[in-house]
Amino acid sequence: MFEFLRKISGRGPAAQESQRQTVMRALEEINAVLGELEEKPTLSFDPENGRIALELPDQMPDETLALPAPEDEDPKSSEAGPDSQGASRKT
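Residues numbered from 1 in each chain as written. Predicted model: local features only at pLDDT ≥ 70, side-chain atom pairs only at ≥ 80, totals over all residues. Heavy atoms only, no water.

Caption draft 1: Broad picture of the overall build of the protein. Scanning the protein for helices and strands turns up 4 helices and 2 strands. Seen in sequence order, the protein has helices and strands lined up from the N terminus as α-α-β-β-α-α. Considering the protein as a whole, with its 91 residues, one finds that 4% of them fall into the buried category. If you sum the accessible surface of the protein, you get close to 9100 Å²; carbon and sulfur atoms cover 54% of it. (Helix = DSSP H or I, 4+ residues; strand = E, 2+ residues; numbered from the N terminus. Buried < 20%, exposed > 50% of the residue type's maximum accessible area, 1.4 Å probe, protein only. Areas by Shrake-Rupley, 256 points an atom, 1.4 Å probe, with all protein chains shown as cover.)

This is the structure:
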C-alpha cells in the first residue's frame with residue numbers, strides 16, 4: 001500500500017535471512033556467550049532429533065555473587081512452632 005514511501009526513502013523490502021544465515025548467526029552468538037564463561041558446560045548432540053543440549057553447572061558464577069549467603073535457621077524458633085505461642089496466649 002505504501003510502497004512509494006520505501007522507494008522515496010531508498011529502502012527496499014527487508015531481505016529475508018536464509019536458513020544457513022540464521023544457523024550461522026545463532027552459532028556465533030552461542031559461541032560468544034560460552035567463550036566468556038569460566039566453567040564451560042558439557043555439550044551433547046542427539047542426532048536422532050537434531051537437538052543440541054548444554055549441561056550447565058547448578059550455579060553460575062554471576063548467580064553466586066547475586067544471591068545472599070544462606071542463613072542458618074535458629075533452632076530455638078523452629079522448635080517452638082505456632083502451637084506453643086498459641087498456648088501461652090490462652091492463659
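Caption draft 2: Structural detail: the environment of Phe45. The residue Phe45 is located in strand S1 (residues 42-46) in this model. In contact with Phe45, other than residues within four places in its own chain, are Gly50, Arg51 and Ile52. (Contact = heavy atoms within 4.5 Å.)

Caption draft 3: Molecular detail of a nonpolar patch on the surface. Taken together, the side chains of Leu43, Phe45, Ile52, Leu54 and Leu56 define a hydrophobic patch exposed on the protein surface, amounting to about 540 Å² of accessible area. For the nonpolar patch, the secondary structure elements donating two or more residues are S1 and strand S2 (51-55). (Patch = residues over 30% accessible without salt bridge, like charges linked within 9 Å, V, L, I, M, F, W, Y side chains within 5 Å. Salt bridge = Lys/Arg side-chain N within 4 Å of Asp/Glu carboxyl O.)

Caption draft 4: Representation of the confidence of the model for the protein in the model. Of all residues in the protein, 59% have pLDDT values of 70 or greater, and the mean over the chain is 76. Per-element mean pLDDT across the protein ranges from 53 in helix H4 (residues 75-89) up to 93 in helix H2 (residues 19-35). (pLDDT = per-residue confidence, 0-100.)

Caption draft 5: Region of the structure containing the pairing of S2. Counting buried positions along S2 gives 0 out of 5 residues, so the element sits mostly on the surface. Sheet analysis places S1 next to S2, joined by 5 bridges and oriented antiparallel. Within S2, the position partnered with Asp46 by the bridge is Arg51. As consecutive antiparallel partners, S1 and S2 are separated by 4 residues, and within that stretch Gly50 has a phi angle of approximately 70°, a positive value. (Pairing = 2+ DSSP bridges.)

Caption draft 6: Inspection of the environment of Leu43 at higher detail. The residue Leu43 is located in strand S1 in this model. Accessibility expressed as a relative area gives 59% for Leu43, which makes it exposed. As for Leu43 and Glu55, which are separated by 12 residues in sequence, their C-alpha atoms are 6.5 Å apart. Look past the residues within four positions of Leu43 in its chain and what remains in contact with it is Ile52, Ala53 and Leu54.

Caption draft 7: Region of the structure containing the pattern of salt bridges. This structure, assessed with the given rule, holds 2 salt bridges. Of the charged contacts, one joins Arg25 and Glu17 as a salt bridge, the two residues approaching to 3.0 Å between their closest N and O atoms. One salt bridge in this structure joins Arg25 and Glu29, with 3.5 Å as the shortest N-O distance. Taken together, the positions of Arg25 and Glu29, both in helix H2 and 4 residues apart, correspond to about one turn of that helix. Classification of Arg25 as partly exposed rests on a relative accessible area of 37%. Look at Glu29 and you get partly exposed, because its relative accessible area is 45%. Residues participating in the shared-partner salt-bridge network are Glu17, Arg25 and Glu29.

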